[in-house]
Structures are given as structure tokens and as C-alpha cells.
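Residue-level structure breakdown
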Amino acid sequence: MSETAMIQVEVAYALPERQAIIPLTVAEGTTALEAARRSGVVERFEGLDLDDARLGIFGKLVAADQALHAGDRVEIYRPLKADPKEVRKARAARVKERRQEDAG
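Residues numbered from 1 in each chain as written. Predicted model: local features only at pLDDT ≥ 70, side-chain atom pairs only at ≥ 80, totals over all residues. Heavy atoms only, no water.

With that settled, the discussion passes to the overall build of the protein. Along its length, the protein carries 3 helices and 5 strands. In the protein, the order of α-helices and β-strands from amino to carboxyl end is β-β-α-α-β-β-β-α. Once the C-alpha set of the protein is aligned to its principal axes, its extents read approximately 80 × 25 × 20 Å. For the protein, the proportion of its 104 residues judged to be buried stands at 30%. For the protein, the accessible surface area stands at approximately 7700 Å², while carbon and sulfur atoms represent 50% of it. Positive and negative side-chain charges in the protein, numbering 17 and 18 respectively, have mean positions lying 9 Å apart. (Helix = DSSP H or I, 4+ residues; strand = E, 2+ residues; numbered from the N terminus. Buried < 20%, exposed > 50% of the residue type's maximum accessible area, 1.4 Å probe, protein only. Areas by Shrake-Rupley, 256 points an atom, 1.4 Å probe, with all protein chains shown as cover. Lys, Arg positive; Asp, Glu negative; His and termini not counted. Charge placed at Lys NZ, Arg CZ, Asp CG, Glu CD.)

Okay, structure coming up:
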């Protein structure tokens, strides 16, 4: 009977006013979502719903069932308040308006 190797990972979550990076020892093959659940992060941050959260590893979006490797940091991303593409379009439109006003 073979023994399952254990690996060290971290789970990270942040709000504007506070953040947590939680070290965790898990079995090799543990998924990103399983690690997030086992970390206890939900108990630390009221309203955090892991079932709807997007997850990443070191800034790269991953599927919830992504198997972890030793040293990985699972990041739990908050939902965006505004679509970044729409924000950029609006900013570009404002700049264009200002230029036209200055030229006219």
C-alpha cells in the first residue's frame, strides 16, 4: 500500500482593507477548490462563496478542478464591479472628447 505524498500550498484572498495568505498541507492531487475549502478562508471572510468564485494560481486563472503542485498559491478572485473592456472604452471616449474640445 503506497502512501500519498503531502505538499505545501497557500490559499490567498484579499479585500481592499484586509487580506489573508493561509499556508496549508494537502495531499498531492488536491484540487484548487478543495484546498480553498480546507483552508478555512470562508470562515475568515463573511460572504465569500467559493462555489461562485474564480480561482487562479499565481495570477493565472485555473479551473476549480486544477490539481495543485508543491508551492502553488491558490488565489480566490473577487467578482469585478465593472467590465475592464467597458471601462477602457469609456476612458478612451472621454480622452477623445477632451481633445476635440481643446482643438475646437
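One pass over the structure, following the stated rule, counts 1 aromatic pair. Judged by centre distance (4.8 Å) and plane angle (80 degrees), the rings of Y13 and F45 are edge-to-face. In this pair, Y13 is assigned in strand β1 (residues 6–14) and F45 in the loop between α2 (41–44) and β3 (54–57), connecting sequence segments 32 residues apart. The pair formed by Y13 and F45 is uniform in burial state, with each residue classed as buried. Across the ring face of F45, the terminal group of R18 is positioned such that the distance to the ring centre comes to 4.1 Å. (Phe/Tyr/Trp six-rings, centres within 6.5 Å; stacked < 30°, edge-to-face > 60°. Lys NZ or Arg CZ within 6 Å of the ring centre and 35° of its normal.)

Let's shift gears to the sheet that holds strand β4 (residues 60–62). Working definition: the strands of a sheet are paired by backbone hydrogen bonds and lie parallel or antiparallel to each other. Read across the sheet, 5 strands follow the order β2-β1-β5-β3-β4 without closing on themselves; strand pairing throughout is mixed. The open sheet has two edge strands with one neighbour each: β2 (19–27) and β4. Shown here is a sheet whose adjacent strand axes are inclined to one another by a mean of 35 degrees, direction ignored. (Pairing = 2+ DSSP bridges. Axes fitted to C-alpha atoms, helices over the stretch in contact; angles between N-to-C directions.)

Here we take up the nonpolar core. In a soluble, globular protein the nonpolar side chains are often hidden away together inside. Counting 23 residues, the largest nonpolar core has V41, L68 and I76 as the members making the most contacts within it. Within the residue set of this core, elements represented by two or more residues are β1, β2, α1 (32–38), β3 and β5 (73–77). Those residues within four positions of V41 in sequence are excluded, and the remaining contacts are Y13, I22, A36, L48, L50 and I76. (Core = buried A, V, L, I, M, F, W, Y, C linked by side-chain atoms within 4.5 Å. Contact = heavy atoms within 4.5 Å.)

Looking now at the side chain of D72. Relative to the elements of secondary structure, D72 occurs in the loop between β4 and β5. Buried and without a salt bridge, D72 has R73 as its closest oppositely charged side chain, separated by 9.4 Å. A distance of 2.8 Å separates a polar side-chain atom of D72 from the backbone nitrogen of H69. Among all residues touching D72, those that are not within four sequence positions of it are Q8, V9, E10, I57 and F58. (Salt bridge = Lys/Arg side-chain N within 4 Å of Asp/Glu carboxyl O. Polar contact = N/O pair within 3.5 Å; in protein donor to acceptor, adjacent residues only side chain to side chain.)

So, on to the pairing of β2. Residues A20, I22, L24 and V26 line the buried face of β2, whereas the alternating positions Q19, I21, P23, T25 and A27 sit on a face that is not buried. As paired elements, β1 and β2 share 9 bridges and run antiparallel to each other. Paired with E10 across the two strands is P23, which belongs to β2. The turn linking β1 back onto β2 is made up of 4 residues.

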